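# Observations on chain architecture
The primary structure of each chain is shown beneath.
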Amino acid sequence: MLRAALSRAASARSAVSLDNRLVRLLETKSDITGAARCQTVRNPFIYQLRQLAGPHDQSRLPESSQPVPTNHELASKGVQSEEEKPVLSMEQSTMVALETKGIKQPKRPDVQALASSFLGGAYLSWGSMLMFHVGGGSSAVLAPGLLAAVKGMVFPIGLSMIVLSGSELMTGNFLTQSLPSLKETPLAHRAKTIALSGVGNLAGSLTMVAGVVAVGLFPHGSLSAGHAVAIATGKCSAPLLTAFLKGVGANWLVGVAIFQATAVQSAAGKIGALWLPIATFITLGLEHSVANMFILPLAQALGAPISTLDIATNITTVALGNAVGAGLLLGGVQKLSVFGPSAFE
């Protein structure tokens, strides 16, 4: 009997020692943050030890090693169990992720924001180049509607590179900077974030224009060059209200594309989620200010009858529309749809 009792005591001490070592190991892991979460991991295991050790060995267990309370016990103390805690829906967690990004963006060093935005403008330019190449080469054989659809299907390559590389666009920041509360992100910080991204996008776009002209990618007189010139001339000759409203529609769809891409985790899923909204705005001939930062200067360099003032007027007008499309319709109406009136409390 004495030998059996000693054996059980030794087993209990060994089990408790093992438990303590396991807990210390878990506490060192980066994904175990705080005593509360560690207790969630620890309690069920220690509760099993208590059941195995027997009543005579209870005093050997750590003081914090209490059996896991039942849901009824938690409810009597006004505490929700893990099962009863509200779980965010997919669209709610997506909105929270975008809002969190909007809070973090102004806290970065300026040079980091500029670098990210420079790449965003450059990557989007690749989509425009592909669109001109495909559109110019197909314009003689495709009906106008089908030609527009083909251009729409190739342009999103630019945004897919931006999303997967973590680069940014001023038009995307119209969305993320509209989501945090004023307490979390003051207006001055939002304005600075948007301004830095605009400057970076413009620098990246103009750098790509210089590269395209230097390489001779669209020679004067080619179908691709003629297509670019025709598109840019039409953009700059449109009434300002038309440009503004097309900007609203374009960035509403871009915001939807960003929202959908944020909702999924895989690279293929992100590309698929953003592709159709972007293809839609290109097919419909809507206006995107950052895309125009590349399209209009390139067309001017290729001989389009547009002035620098025409380019600046178009980009400014379209950018205002883009801000309304993302900030009001996504950052306002969509957020209200997802969270209800409490979203703005």
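Refer to the structure above for everything that follows.
So, here's what we can say about the structure. (Residues numbered from 1 in each chain as written. Predicted model: local features only at pLDDT ≥ 70, side-chain atom pairs only at ≥ 80, totals over all residues. Heavy atoms only, no water.)

Looking only at helices and strands, the protein features 14 helices and zero strands. Listing every helix and strand of the protein by position from the N terminus yields α-α-α-α-α-α-α-α-α-α-α-α-α-α. Looking at the protein as a whole, 43% of its 345 residues are labelled buried. A separation threshold of at least 6 residues defines the contact pool for the protein, and within that pool the share at least 24 residues apart is 78%. A total of about 17,800 Å² of accessible surface is found on the protein, and carbon and sulfur atoms cover 67% of it. (Helix = DSSP H or I, 4+ residues; strand = E, 2+ residues; numbered from the N terminus. Buried < 20%, exposed > 50% of the residue type's maximum accessible area, 1.4 Å probe, protein only. Contact = heavy atoms within 4.5 Å. Areas by Shrake-Rupley, 256 points an atom, 1.4 Å probe, with all protein chains shown as cover.)

The next point concerns the environment of Gly303. Checked against the element boundaries, Gly303 lands in the loop between helix 13 (289-301) and helix 14 (308-339). For Gly303, a relative accessible area of 55% translates into the label exposed.

Attention now goes to empty space enclosed by the protein. Using the criterion set out here, one finds two cavities of 30 Å³ or more in the structure. Reported here for the largest cavity is a volume of approximately 60 Å³. The wall of the largest cavity is formed by Gln105, Pro106, Arg108, Pro109, Asp110, Ala113, His189, Lys192, Thr193 and Leu196. When contributions to the lining of the largest cavity are tallied by element, the ones reaching two or more residues are helix 5 (110-138) and helix 9 (187-215). Sorting elements by how many residues they give to the lining of the largest cavity places helix 9 first, with four residues. Residues of the lining of the largest cavity, tallied by class, amount to four nonpolar, three polar and three charged. The volume enclosed by the second largest cavity comes to roughly 50 Å³. Lining the second largest cavity, in full, are Leu124, Phe155, Leu159, Leu169, Val254, Ile278, Phe281, His288 and Ala291. (1 Å grid on protein atoms, 1.4 Å probe; cavity = no way out; pocket = protein on both sides within 12 Å on 5 of 7 lines; lining within 4 Å. Points joined across faces, edges and corners; volume = space filled by probe spheres on them. Nonpolar A, V, L, I, M, F, W, Y, C, P; charged D, E, K, R; others polar.)

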